[in-house]
Amino acid sequence: MPQKVIAGQIVEVDAEGYLSRPEQWNRALAEALAGVLNLQLTDAHWKVIEFLQRDYRERGAVPGMRRLNKVGGFATKDLYALFPDGPIKKAALIAGLPKPASCV
Amino acid sequence: MNAPAPDRIRKVSIIVSRGTLDGVYPGLIMANGARMEGIEANLFFTFFGLYAVLKGFQDKLRIATVGNPALRVPHAKGAPLPTLLGALPGMSAFATWMMRREMEKLDIPPVSEFLEMIHDAGGHIYACKATVDMFHLRPEDFVPQVDKVLTVGEFYELSAGAQIIFT
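Before going into details, it helps to say that this report is about the structure given with it. (Residues numbered from 1 in each chain as written. Chains lettered and ligands numbered in written order. Predicted model: local features only at pLDDT ≥ 70, side-chain atom pairs only at ≥ 80, totals over all residues.)

Below, the discussion takes up the overall build of chain A. A count of helical and extended segments in chain A gives 5 helices and 2 strands. Ordered by position in the sequence, the α and β elements of chain A form the string β-β-α-α-α-α-α. A compact globule built from 104 residues would reach a C-alpha radius of gyration of about 13 Å, and chain A, at 13 Å, matches this within 12%. Projecting the C-alpha coordinates of chain A onto the three principal axes gives extents of approximately 35 × 25 × 20 Å. (Helix = DSSP H or I, 4+ residues; strand = E, 2+ residues; numbered from the N terminus. Rg over C-alpha atoms; globule rule 2.2 N^0.38 Å.)

Listed below in structure tokens is the structure:
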């Protein structure tokens, strides 16, 4: 597994930069990962990140857009505004979760 | 020497020409998937594909149980459904109900909701002018997510730099 120094920590990442070991995740790391994507995390971003992490813990999969709409209560438009050009991929990466594996 | 890595896809124009449930969904999934990858997406509905954007019809699309030799019962690896049985009343509705139920389990939205999702994701949705004229339709017959009725020339113009995908 390739290692990378992010926010002063050595973490394991996969070829696309997703954390390989979710237990290495913390908030400082999330801020740094967001910075690489040119994003500055606000409370609205954190709500999405925390929902993804909670849902992943409960169901073992990164939720798709419809679940974010219906269960998370996030509108599609808002998600694209918060995480432009790939909301779930970007939010999952910042949340320390694997790359989303669903088609929808 | 290695060839340079091909450039990533930046824009797609997806044409939906069929009006069966299985004719419409692949285009919707591809358009939504494009937006989720940061790819610009235009959806163009033509001929019977237009029913996916017609008010009152878009959530009534069905699977064809006649002339569909790949359709098997009671599951995907079962026996082929003979055409004569496929023609029985209710068969198409039943097959459609089965597929919708499986899609619901995978969180694949109904057509109306899927189009809203694609529209809210910044995808553009167009209807084909030739078909609109042929079917005697008016702009108010379409769901509000339809941006415009386009001629084929306009379609090519807005597809500049895009990969064109016909479904």
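Time to look at the overall build of chain B. Regarding its fold elements, chain B presents 6 helices and 7 strands. For chain B, the α and β elements follow one another from N to C terminus as β-α-β-β-β-α-α-α-β-α-β-α-β. If you line up chain B on its principal axes, its C-alpha atoms span 50 × 50 × 25 Å. For chain B, buried positions account for 31% of its 167 residues. Contacts in chain B between residues at least 24 apart in sequence constitute 71% of all its contacts with a sequence separation of at least 6. (Buried ≥ 20, exposed ≤ 12 C-beta atoms within 10 Å, placed from the backbone. Contact = placed C-beta atoms within 7 Å.)

Let us look at the packing of helix α1 (residues 21–36) of chain B against helix α4 (residues 111–120) of chain B. All names here are of chain B. Here α1 crosses α4 at 25°, and the two axes come no closer than 10 Å. Considered as vectors, α1 and α4 are oriented roughly parallel to each other. Between α1 and α4 lies a crossing whose hand is left-handed. Residues Val-24, Leu-28, Ala-31, Asn-32 and Arg-35 of α1 touch α4, and the partners they reach there are Val-111, Phe-114, Met-117 and Ile-118. Tallied by class, the residues present in the contact of α1 with α4 amount to 7 nonpolar, 1 polar and 1 charged. (Axes fitted to C-alpha atoms, helices over the stretch in contact; angles between N-to-C directions. Parallel < 35°, antiparallel > 145°, perpendicular 65-115°, else oblique. Left-handed = near helix turned anticlockwise from the far one by under 90°. Nonpolar A, V, L, I, M, F, W, Y, C, P; charged D, E, K, R; others polar.)

All right, on to the packing of helix α2 (residues 43–59) of chain A against helix α5 (residues 87–94) of chain A then. All names here are of chain A. The interhelical angle for the contact between α2 and α5, taken along N-to-C directions, is 80°, at an axis separation of 9 Å. With respect to each other, α2 and α5 are oriented roughly perpendicular. The residues of α5 that touch α2, namely those facing Val-48, Ile-49 and Leu-52, are Ala-91, Ala-92 and Ile-94. For the contact of α2 with α5, a count of residues per class yields 6 nonpolar, no polar and no charged.

Moving on: the sheet that holds strand β5 (residues 124–128) of chain B. Residues and elements named next belong to chain B. In space, the 5 strands of this open sheet follow the order β6-β5-β2-β1-β7, with parallel pairing throughout. Edge strands, defined here as strands with exactly one partner in the open sheet, are β6 (148–150) and β7 (163–166). Looking at each pair of strands side by side, their axes are set apart by 25° on average, direction ignored. Note that β5 and β6 share 3 bridges and pair parallel. Residue pairing across strands places Ala-127 opposite Val-149, the latter belonging to β6. Running at roughly 165° to strand β1 (residues 11–16), α1 makes contact with β1, β2 (40–45) and β7 of the sheet. (Pairing = 2+ DSSP bridges.)

This next bit is on the nonpolar core. In terms of nonpolar packing, the biggest core is built from 58 residues, with Ala-91 of chain A together with Leu-43, Phe-45 and Val-53 of chain B touching the most fellow members. Of all the elements, α1 of chain B adds the most residues to this core, at 7 residues. Leave out the neighbours within four places in its chain, and Ala-91 of chain A touches Val-48, Ile-49, Leu-52 and Phe-83 of chain A. (Core = buried A, V, L, I, M, F, W, Y, C linked by C-beta atoms within 7 Å.)

This brings us to the interface of chain B and chain A. In this complex, chain B contributes 14 residues to the contact, which on the side of chain A involves 14 residues. Of all elements in the fold, only α1 and α4 of chain B reach the threshold of two or more residues within the side of chain B that touches chain A. Of all the elements, α1 of chain B adds the most residues to the side of chain B that touches chain A, at 4 residues. Partitioning the side of chain B that touches chain A into residue classes produces 7 nonpolar, 4 polar and 3 charged.

The next subject is the pairing of β5 of chain B. Residue and element names in this part refer to chain B. Summarising burial for β5: 4 of the 5 residues are buried, a large majority. In this structure, β2 lies alongside β5, joined through 4 bridges in parallel fashion. Bridge pairing links Phe-45 to Ala-127 in β5. Read from β5 through helix α5 (residues 129–134) to β6, the crossover connection turns out right-handed. (Right-handed = clockwise from strand over helix to strand, strands pointing away.)

Residue and element names in this part refer to chain B. Cis peptide bonds are those with omega within 30 degrees of zero, and the linkage from Val-73 to Pro-74 qualifies with -5°. Note on placement: Pro-74 falls in the loop between β3 (72–73) and β4 (79–80). A positive phi angle, near 55°, is found at His-136, a position not held by glycine. On the basis of neighbour counts, which here come to 7 C-beta atoms within 10 Å, the residue His-136 falls in the exposed class.

Moving on, we get to the pairing of strand β1 (residues 3–6) of chain A. Residue and element names in this part refer to chain A. Where β1 and strand β2 (residues 9–12) come together, 4 bridges link them in antiparallel fashion. By the bridge assignment, Lys-4 is partnered in β2 with Val-11. Connecting β1 to the antiparallel partner β2 that follows it, the hairpin turn spans 2 residues, and Ala-7 within it adopts a positive phi of roughly 50°.

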